[in-house]
Amino acid sequence: MKGICILGSTGSIGQSTLDVIERHPDRYKVIALTANRSVERLHEQCIRHHPEKVVVVDEMSAETLRKSLSSSGLKDITVLQGISALAEVAALDNVDQVMAAIVGAAGLMPTLSAVRAGKRILLANKEALVMSGRLFMREVEKFGAELLPIDSEHNALFQCMPAGYRVGERKAEVRSLLLTASGGPFRELPLESFREITPEQACAHPKWVMGRKISVDSATMMNKGLELIEASWLFNLPVEQIKVVIHPQSIIHSLVDYVDGTMLAQMGNPDMRIPIAHAMAWPDRIDSGVKPLDLFAIKKLEFETLDNERFPCLELAIKAMKKGGNCSVTLNAANEVAVEAFLNGGIHFTEIALVIEKVMSEAPFCEIENIEQVLDSDVRARALAEETIKALT
Ligand code: NAD
Ligand code: MG
């Protein structure tokens, strides 16, 4: 029986994780659930999964949740509040696996707490790794944590690695990694129309149902940029050895290209329960609830090159990774602020990349030796992004 803590249980990944857990009551027990402030959904999850502890970020949500749990006869569930409580539940003794599914930089410290407690980390929160790269991987090694990728591309790559592979190792027999991308909702939209893209259009992904932030990232292709950086750390390869392939069907989730000419791909229906179930049960395999692939219904798999003019964010990410230091922290922070502004109607779709580029050119460069420098660079870049947006509007 494995004890599970889900950081971000009310989100898209969090809910898919609970769906997998529910299919295997003999294998998994929910120990802790956390959310920002979706109290109602968290309450429903408490009724269904009966965790020992739940965490919400602000005090008012905590009060509301305590009252509602008490009136449902669930007084034995402890409600904790605040950012430090996220880190606390991720490190509980009876937690074996931590699903890191908080969106954005807010997930960094709680995920690191799980790493430092030596847990199995099911890593969905790519922003944490993008921000802290080398430090994160060093902590995984130092504290003997077990890191398994949830991001579908990285989970696919992991599955295509040689037997016994552990995340962070460099494999000389791997020539390159190919990350597949659906191309998002605007792969074929005329470039002139990009400026007027609305948040609703950007969030309507053709293949995946996801949270709003990652949906916008997929539409700008920043998601692929963040994934390139993520892959570079997880598989210990320079970005020059990682390529992006547009694959509109989203059936192949990524490929490993070996020196002998073999290419291994992982296929499956586009449903996050596949990588979630894989990482939770690894090295076993369990039912994820996802339908098997019907190859005769799919018929064709297509591959295209990426149009850089349409998607300048990908180049920005590559530039940040090549420059090193705090550049990926700056990139990520500027992107988070710009996406939020876009979702709130504050800037145009095409201005997301402009804001990031400007912040990257103005933010002071520094090498990263500790987590304080990561957090400090994050705060600075956010302030610069806010200023840049104000000047635009
Ligand atoms: P989401 O917006 O649906 O859910 C985010 C979760 O984080 C919610 O539970 C929310 O309450 C919590 N949260 C948000 N802000 C918080 C804060 N400041 N403090 C504490 N908790 C906070 O997002 P999602 O689509 O589930 O994505 C989660 C992560 O997984 C992201 O990093 C995303 O890039 C990654 N990911 C998602 C998918 C997907 O299919 N959804 C695929 C690959 C990777
Ligand atoms: Mg992905």
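Residues numbered from 1 in each chain as written. Chains lettered and ligands numbered in written order. Predicted model: local features only at pLDDT ≥ 70, side-chain atom pairs only at ≥ 80, totals over all residues. Heavy atoms only, no water.

> Go over the coordination of the magnesium ion (ligand 2), please, and point to the residues and values.
Binding of the magnesium ion (ligand 2) to the protein goes through Asp151 (OD), Glu153 (OE) and Glu227 (OE), at separations of 2.1 to 2.2 Å. Counting along the primary sequence, the residues that act as donors to the magnesium ion (ligand 2) give the motif D-x1-E-x73-E. Of this pair, Asp151 sits in the loop between strand E7 (146-149) and helix H7 (152-160) while Glu227 sits in helix H10 (residues 222-234); the two residues are 76 residues apart in sequence, bridging distant segments of the chain. What makes Asp151 buried here is its relative accessible area of 8%. Residue Glu227 is classed as buried on the basis of its relative accessible area of 1%. (Donors = N, O, S within 2.8 Å, 3.2 Å for Na, K, Ca; no water. Helix = DSSP H or I, 4+ residues; strand = E, 2+ residues; numbered from the N terminus. Buried < 20%, exposed > 50% of the residue type's maximum accessible area, 1.4 Å probe, protein only.)

> Which residues make up the site of ligand 1, and what values do they have?
Every one of the 23 residues lining ligand 1 counts as a neighbour, but Thr10, Ser12, Asn36, Glu127 and Gly211 are closest to it. Measuring from an oxygen atom of ligand 1, one finds a backbone N or O atom of Ser12 at 2.9 Å. The protein chains hide 87% of the 830 Å² of surface that ligand 1 would expose on its own. Secondary-structure elements contributing two or more residues to the shell around ligand 1 are helix H1 (12-22) and helix H6 (126-142). Looking at the shell around ligand 1 residue by residue, the class counts come to twelve nonpolar, eight polar and three charged. (Near = heavy atom within 4 Å. Polar contact = N/O pair within 3.5 Å; in protein donor to acceptor, adjacent residues only side chain to side chain. Areas by Shrake-Rupley, 256 points an atom, 1.4 Å probe, with all protein chains shown as cover. Nonpolar A, V, L, I, M, F, W, Y, C, P; charged D, E, K, R; others polar.)

> I'd like a description of the sheet that holds strand E6 (residues 120-123), backed by residues and values.
On the basis of which strands lie adjacent, the open sheet formed by seven strands has the order E4-E3-E2-E1-E5-E6-E7 and parallel pairing. One side of each edge strand has no neighbouring strand; the edge strands of this open sheet are strand E4 (78-81) and E7. Neighbour to neighbour, the strand axes of the sheet diverge by 20 degrees on average, direction disregarded. Sheet topology places E6 next to E7; four bridges connect them, and they run parallel. By the bridge assignment for E7, Ile121 is matched with Leu147. Lying on the sheet, helix H5 (residues 108-116) is in contact with strand E1 (2-7), strand E5 (97-100) and E6; it crosses E6 at an angle near 150 degrees. Relative to E6, helix H11 (residues 273-281) is tilted by about 170 degrees, and along the sheet it contacts E1, strand E2 (28-35), E5, E6 and E7. (Pairing = 2+ DSSP bridges. Axes fitted to C-alpha atoms, helices over the stretch in contact; angles between N-to-C directions. Contact = heavy atoms within 4.5 Å.)

> Describe the packing of helix H4 (residues 83-90) against H5, with residues and values.
Two elements in contact, H4 and H5, have axes separated by 8 Å at closest approach and are oriented at 25 degrees. Comparing the axis directions of H4 and H5 gives the class roughly parallel. When you trace H4 past H5, the crossing you get is right-handed. Together, Leu86, Ala87 and Ala90 of H4 and Pro110, Ser113 and Ala114 of H5 make up the contact between the two elements. Residues that form the contact of H4 with H5 fall into these classes: five nonpolar, one polar and no charged. (Parallel < 35°, antiparallel > 145°, perpendicular 65-115°, else oblique. Left-handed = near helix turned anticlockwise from the far one by under 90°.)

> Explain the pairing of E6 residue by residue, including any values.
Across the two faces of E6 the burial is the same, with Arg120 and Leu122 and Ile121 and Leu123 all buried. Here E5 pairs with E6 via four bridges, running parallel. Across the sheet, Met99 pairs through a bridge with Leu122, a residue of E6. Traced from E5 through H5 to E6, the parallel crossover comes out right-handed. (Right-handed = clockwise from strand over helix to strand, strands pointing away.)

> How would you explain the pairing of E5 if you had to name every residue and give the values?
By the alternation rule, side chains of E5 split into Gln97 and Met99 and Val98 and Ala100, which are all buried. Inspection of the sheet shows E1 paired to E5 by four bridges, in the parallel sense. Paired with Ile6 across the two strands is Met99, which belongs to E5.

> Any chance you could break down the domain arrangement of the chain for me, citing the residues and the numbers?
The parts lose accessible area when they come together, and the size of an interface is often stated as this lost area. We note that the domain assignment places domain 1 (2-149) and domain 2 (324-393) within the chain. Centre-to-centre separation of domain 1 and domain 2, based on C-alpha positions: 27 Å. Contacts between the two partners involve eleven residues from domain 1, matched on the other side by twelve residues from domain 2. Across the interface of domain 1 and domain 2, roughly 840 Å² is buried in total on both sides, 75% from carbon and sulfur atoms. Considering only the surface of domain 1 that becomes buried against domain 2, Val130, Met131 and Leu135 emerge as the three largest contributors, covering 56% of it. Linking domain 1 with domain 2 are one residue pair in polar contact (both at pLDDT 80 or more), by the criterion used here. Contributions of two or more residues to the side of domain 1 that touches domain 2 are made by H5 and H6. Examining the composition of the side of domain 1 that touches domain 2, we find that six residues originate from one element, H6, more than from any other. Considered class by class, the residues forming the side of domain 1 that touches domain 2 number seven nonpolar, two polar and two charged. (Domains from an automatic or database assignment. Buried area = accessible area lost by both parts, 1.4 Å probe.)

> Would you mind going over the layout of surface pockets in detail, with residue names and values included?
Of the volumes computed, that of the second largest pocket is approximately 410 Å³. What lines the second largest pocket is a set of 23 residues, among which Met137, Glu141, Val167, Gly168 and Glu169 lie closest to the centre. The leading source of residues in the lining of the second largest pocket is H6, at five residues. Among the residues forming the lining of the second largest pocket, the class breakdown is 13 nonpolar, three polar and seven charged. (1 Å grid on protein atoms, 1.4 Å probe; cavity = no way out; pocket = protein on both sides within 12 Å on 5 of 7 lines; lining within 4 Å. Points joined across faces, edges and corners; volume = space filled by probe spheres on them.)

> How would you summarise the sheet that holds strand E9 (residues 242-246) if you had to cite specific residues and measurements?
In sheet architecture, strand pairing relies on hydrogen bonds along the backbone and comes in two forms, parallel and antiparallel. Across the sheet, which stays open at both edges, the four strands sit in the order E9-E8-E10-E11 with mixed pairing between neighbours. The open sheet terminates on both sides in strands that have one partner only, identified here as E9 and strand E11 (263-267). Taking each pair of neighbouring strands and ignoring which way they run, the sheet shows an average axis angle of 20 degrees. By the bridge criterion, five bridges tie strand E8 (residues 174-181) to E9 in an arrangement that is parallel. Directly across from Thr180, in E9, lies its bridge partner Val245.

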